Amino acid sequence: MPKAKKASKRHRFDYNKDRKKLKKQFIKKYKPRIEHPQIRHAWDDNKSTARNLQEMGLTFDPNRALPVKKQRLIGEDGEFKAAAGVVTKPYILNHLQEEASLPEKDTKTLSSDLIEFVQHMIREHKDDYKAMARDEKNYYQDTPKQIKRKINEYKRCHSQHFDEFMNSLVPQPMVE
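Residues numbered from 1 in each chain as written. Predicted model: local features only at pLDDT ≥ 70, side-chain atom pairs only at ≥ 80, totals over all residues. Heavy atoms only, no water.

### What about the overall build of the chain?
Selection criterion: Numbering of helices and strands runs from the N terminus; a helix is a DSSP stretch of H or I covering at least four residues, while a strand is a stretch of E covering at least two. Here the globule rule reads 2.2 Å times residues to the power 0.38, and the radius of gyration is calculated from C-alpha atoms. For every residue, the accessible area (1.4 Å probe, protein chains only) is compared with the maximum for its type, and the residue is labelled buried under 20%, exposed over 50%, or partly exposed between those bounds. Whether two residues touch is decided by their heavy atoms; if any such pair falls within 4.5 Å, the residues are in contact. Surface exposure here means Shrake-Rupley accessible area, sampled with a 1.4 Å probe, where a residue is shielded only by the protein chains that are shown. The charge count includes Lys and Arg as positive and Asp and Glu as negative, but it does not include His or the ends of the chains. The atom standing in for a charge is NZ when the residue is Lys, CZ when it is Arg, CG when it is Asp and CD when it is Glu.
Along the chain, the regular secondary structure elements total 9 helices and 0 strands. The linear arrangement of helices and strands in the chain, starting from the amino end, is α-α-α-α-α-α-α-α-α. Against the globule reference of 16 Å for 176 residues, the chain gives a C-alpha radius of gyration of 32 Å, more extended than a compact globule. With the C-alpha coordinates of the chain rotated into their principal frame, the extents come out at 105 × 60 × 45 Å. Put simply, the chain has 176 residues, and 18% of those count as buried. Counting contacts in the chain only where the partners sit at least 6 residues apart, residues at least 24 apart contribute 50% of the total. Accessible area of the chain: about 16300 Å², with a carbon and sulfur share of 53%. Of the side-chain charges in the chain, 38 are positive and 26 negative, and the distance between the mean point of each set is 16 Å.

### Thoughts on the domain arrangement of the chain
We apply this condition: What counts as a domain boundary in this text is fixed by an automatic or database domain assignment.
You can read the domains of the chain as domain 1 (19–67 + 81–101) and domain 2 (112–169). Each of domain 1 and domain 2 was reduced to a C-alpha centroid, and the two centroids are 49 Å apart.

### So, a nonpolar patch on the surface
Convention followed: For patches, a residue must show more than 30% relative accessible area and have no salt bridge; joins then use 9 Å for like charges and 5 Å for nonpolar side chains, namely Val, Leu, Ile, Met, Phe, Trp and Tyr. We define a salt bridge as a side-chain nitrogen of Lys or Arg found within 4 Å of a carboxyl oxygen belonging to Asp or Glu.
On the surface, Phe 26, Ile 27 and Tyr 30 cluster together into a nonpolar patch covering about 350 Å² of accessible area. Inspection of the secondary structure puts Ile 27 in helix H1 (residues 19–30).

### Quick word on the nonpolar core
Note the cut-off: By nonpolar core is meant a set of buried Ala, Val, Leu, Ile, Met, Phe, Trp, Tyr and Cys residues that side-chain atoms within 4.5 Å join together.
Membership of the largest hydrophobic core comes to 14 residues, with the highest contact counts inside it found for Val 118, Ile 122, Met 132, Ile 147, Ile 151 and Tyr 154. Sorting the residues of this core by element identifies helix H6 (112–125), helix H7 (129–134), helix H8 (144–157) and helix H9 (159–169) as the ones contributing at least two each. In contact with Ile 147, not counting residues within four places along its chain, are Phe 117, Tyr 129, Met 132, Ala 133, Asn 138 and Asp 142. In terms of nonpolar packing, the next biggest core, distinct from the first, is built from 5 residues, Ile 34, Ile 39, Ala 42 and Met 56 among them.

### Comments concerning helix H3 (residues 49–56)
Which entries qualify depends on this criterion: By arc we mean the arc of the directions from the helix axis to the C-beta atoms, nothing more.
When we look at burial in H3, the residues that qualify are Asn 52, Leu 53, Glu 55 and Met 56. In a view along the axis of H3, the buried residues occupy a sector of 160°, so they form one face of it.

### A few points about the environment of Leu 53
Residue placement: Leu 53 occurs in helix H3. In this structure Leu 53 comes out as buried when scored by relative accessible area, which is 15%. As for Leu 53 and Trp 43, which are separated by 10 residues in sequence, their C-alpha atoms are 8.5 Å apart. Residues contacting Leu 53, with those up to four places away along its chain left out, are Trp 43, Leu 58, Thr 59 and Phe 60.

### Quick notes on unusual backbone geometry
The backbone phi angle of Lys 126 is positive, close to 55°, even though this residue is not glycine. Within the secondary structure, Lys 126 sits in the loop between H6 and H7. Of note, Gln 141 is a non-glycine position whose phi angle comes to about 50°, a positive value. Tracing the backbone through its elements, the reader meets Gln 141 in the loop between H7 and H8.

### What to know about the packing of aromatic side chains
Where we set the bar: When two rings of Phe, Tyr or Trp (its six-membered ring) have centres within 6.5 Å they constitute a pair, described as stacked for plane angles under 30 degrees, edge-to-face for angles over 60, and tilted for the intermediate range.
Per the stated rule, a full pass over the model turns up 2 aromatic pairs. Both rings, one in Phe 13 and one in Tyr 15, keep their centres 4.9 Å apart while their planes meet at 75°; by these two values the pair is edge-to-face. Both residues of the pair, Phe 13 and Tyr 15, count as exposed. Ring plane angle 80° and centroid distance 5.8 Å describe the contact between Tyr 154 and Phe 162, whose orientation is recorded as edge-to-face. Of the two residues examined, Tyr 154 and Phe 162, each falls in the buried class.

Structure below.
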């Protein structure tokens, strides 16, 4: 049988390849940086990824953890059980569950221009959305429903500012 052409070729050193860069690429691919500190500290470089995750109570292959049931003909009995590994590091799983159960803070904000627009509209027209749509400051020609949505978004995202703004609009009784 004939040999492959490259098999008989003499190997020469390639001066044009950056060996340092190749090594960094190799390390980056096979030893990725783990962002989560708990998992990073419990990680054992001598074990495989699947083994490390199994010890933490996590899964490497979600198809094995929760297998998709195959359709079977009537009368066939054969139960499939997922492989249950021994969890030696349960504290990581507990920490991840605690972290996931914390409520996520709503970080959505509105632009200062939109806040000014909404405040101007409320100051001038109160609850009359049709008048707001005809206002000369309505540069983008928003419809009454669009303006109403923007006001509701402002109420939701900046509820404290909205309450303060509405309280400032209420005329204060004059003291004599």
